[in-house]
Amino acid sequence: MTELERAPAGVDPTVPSVARMYDYLLDGKDNFAADREAAAQIIRLSPNAKEVAQANRAFLGRAVRVVAESGVRQFLDIGTGLPTQENVHQVAGRISPGSRVAYVDNDPIVLVHARALLAETTDTIVVEGDMRDPKAILGHPEITRHLDFERPVAVLLLAVLHFIPDDDQAQSIVSSIREALPSGSHLIISHVTTGELDNDVVGQGREVYGKTRAGNVTPRTREHITGFFEGLEMLEPGLVSTTDWRAEDTLDPSLAGPGGADMLCGVGRVP
């Protein structure tokens, strides 16, 4: 069977998808040749790309666990990506069975896979939505029936805001979400920063991602990313690399992989 025959309706396997590229970087199987080639180009530009993706996924697990242990029982994951190991509902469910999770994405193949995985899970829903319209997500009837925004909610924006090229728009998206969250809620963010990459390499990486549905990647500075948490109480250790956020083990430098881009992350609590 060809890739075109295997692709779900409405999915063009010849156009790279950031969700499927990320799946490939996590050693997943839900990707096509175009995704693997695009991801290979990113690895050539940033040799630590796999390590960065895997560290981001590990941060998700640690952050969800910490927030769940604080008593939060509702999670809204915007730009969830393809299901893989240690999804939000699995991590939260181990801490508190019955935790309610809403996954949001605009990639057709993500929606197909997520809905198939979660068909029998009543505590978890999957909704089509675009982070560029956060008010539509927060007001979506399925989400408002599933999550109670009068009680604390943890919102995840992991490795997605760098697909918004305009700084003001990215800040507006986060501000709209922050303002809708009640006291005790948490905002969990990770975002690409340039790390050791020079401008020429960053530009080449933007060209690769520019061929996807998501568009160009825009790395941001620590100052910019810190601004997303304005007015929130940052959980320790603050804004750090995903490899350093409450990691259980100190990473052996010899296992960190060659240099390249980095991902900064943090968790902020609504006071």
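Not measured: the values here are computed from a predicted model.

**Things to note about the overall build of the chain**
Within the chain, the regular secondary structure consists of 11 helices and eight strands. Its C-alpha radius of gyration of 18 Å places the chain within 12% of the 18 Å reference for a compact globule of 271 residues. Seen through its principal axes, the chain has C-alpha atoms that stretch 45 × 40 × 35 Å. Taken across its 271 residues, the chain has 51% of its residues classed as buried. Of all intrachain contacts in the chain linking residues separated by at least 6 positions in sequence, the fraction that spans at least 24 positions is 73%. About 12400 Å² of surface is accessible on the chain, with carbon and sulfur atoms providing 50% of the total. Each charge class in the chain was averaged separately, 25 positive and 39 negative side chains, and the resulting centres sit 3 Å apart.

**Considerations on unusual backbone geometry**
Residue E236 is joined to P237 through a cis peptide bond whose omega torsion reads 10°. Checked against the element boundaries, P237 lands in the loop between β6 (233-234) and β7 (240-241). One non-glycine residue with positive phi stands out, namely R246, at about 50°. As for its placement among the helices and strands, R246 is situated in the loop between β7 and β8 (262-269). R246 sits in the partly exposed class, given a relative accessible area of 37%.

**Considering the nonpolar core**
In this structure, L76, I143, L157 and I177 are the most contacted members of the largest nonpolar core, which totals 46 residues. Ignoring sequence-local partners within four residues, the contact set of L157 consists of I78, V174, I177, L187, I188, I189 and S190. Counting residues in hydrophobic clusters, the runner-up holds 27 residues, among them V72, F75, Y103 and L158.

**Comments concerning the pairing of β8**
Among the eight residues of β8, six are classified as buried, and the element is accordingly described as predominantly covered. The pairing of strand β5 (residues 186-193) with β8 spans eight bridges and is antiparallel. Across the sheet, the residue bridging to H186 is R269, located in β8. Relative to β8, β7 is paired through two bridges, and the arrangement is antiparallel. Bridged to S241 within β8 is L264.

**Thoughts on the packing of helix α2 (residues 18-25) against helix α3 (residues 33-45)**
Remark: α2 packs on α3, axes separated minimally by 9 Å, with the N-to-C direction vectors making an angle of 65°. What the angle tells us is that α2 and α3 run roughly perpendicular. In terms of crossing hand, the pair formed by α2 and α3 is right-handed. Side by side, α2 and α3 meet where R20, M21, Y24 and L25 of the first sit next to D35, R36, A38, A39, I42 and I43 of the second. Here the contact of α2 with α3 is composed, by residue class, of seven nonpolar, no polar and three charged.

**A look at the side chain of S185**
Mapped onto the elements, S185 comes out in the loop between α9 (167-180) and β5. Residues in contact with S185, not counting those within four places in the same chain, are R151, P152, V153, G268, R269 and V270.

**Remarks on the packing of aromatic side chains**
Enumeration over the complete set of coordinates arrives at two aromatic pairs. Measuring from ring centre to ring centre gives 5.5 Å for F59 and W245, while their planes differ by 80°; the resulting arrangement is edge-to-face. With F59 in helix α4 (residues 49-69) and W245 in the loop between β7 and β8, this residue pair connects regions lying 186 residues apart in the sequence. Residue F59 is classed as buried on the basis of its relative accessible area, which comes to 0%. W245 gets classed as buried once you look at its relative accessible area, which sits at 0%. For K50, the ring lying beneath its charged end belongs to Y24, and the centroid distance is 5.3 Å.

**So, the confidence of the model for the chain**
This prediction gives the chain a mean pLDDT of 90; 92% of its residues lie at or above 70. Per-residue pLDDT stays below 50 along residues 252-256; that stretch engages in two contacts with residues further than four places along the chain or on separate chains.

**Side note on the packing of α4 against helix α5 (residues 88-95)**
Orientation of α4 relative to α5, taken along the N-to-C sense of each, is 35°, at an axis distance of 9 Å. Pair α4 / α5 crosses with right-handed handedness. Where α4 approaches α5, its residues L60, G61, V64, R65, A68 and E69 are matched on the opposing element by V88, V91, A92 and I95.

**Here's the deal with the pattern of salt bridges**
Under the definition given, this model contains eight salt bridges. Where E37 meets R44, a salt bridge forms, and the shortest distance between an N and an O atom there is 3.3 Å.

Thresholds, definitions, all that
- Residues numbered from 1 in each chain as written.
- Predicted model: local features only at pLDDT ≥ 70, side-chain atom pairs only at ≥ 80, totals over all residues.
- Heavy atoms only, no water.
- Helix = DSSP H or I, 4+ residues; strand = E, 2+ residues; numbered from the N terminus.
- Rg over C-alpha atoms; globule rule 2.2 N^0.38 Å.
- Buried < 20%, exposed > 50% of the residue type's maximum accessible area, 1.4 Å probe, protein only.
- Contact = heavy atoms within 4.5 Å.
- Areas by Shrake-Rupley, 256 points an atom, 1.4 Å probe, with all protein chains shown as cover.
- Lys, Arg positive; Asp, Glu negative; His and termini not counted.
- Charge placed at Lys NZ, Arg CZ, Asp CG, Glu CD.
- Core = buried A, V, L, I, M, F, W, Y, C linked by side-chain atoms within 4.5 Å.
- Pairing = 2+ DSSP bridges.
- Axes fitted to C-alpha atoms, helices over the stretch in contact; angles between N-to-C directions.
- Parallel < 35°, antiparallel > 145°, perpendicular 65-115°, else oblique.
- Left-handed = near helix turned anticlockwise from the far one by under 90°.
- Nonpolar A, V, L, I, M, F, W, Y, C, P; charged D, E, K, R; others polar.
- Phe/Tyr/Trp six-rings, centres within 6.5 Å; stacked < 30°, edge-to-face > 60°.
- Lys NZ or Arg CZ within 6 Å of the ring centre and 35° of its normal.
- pLDDT = per-residue confidence, 0-100.
- Salt bridge = Lys/Arg side-chain N within 4 Å of Asp/Glu carboxyl O.

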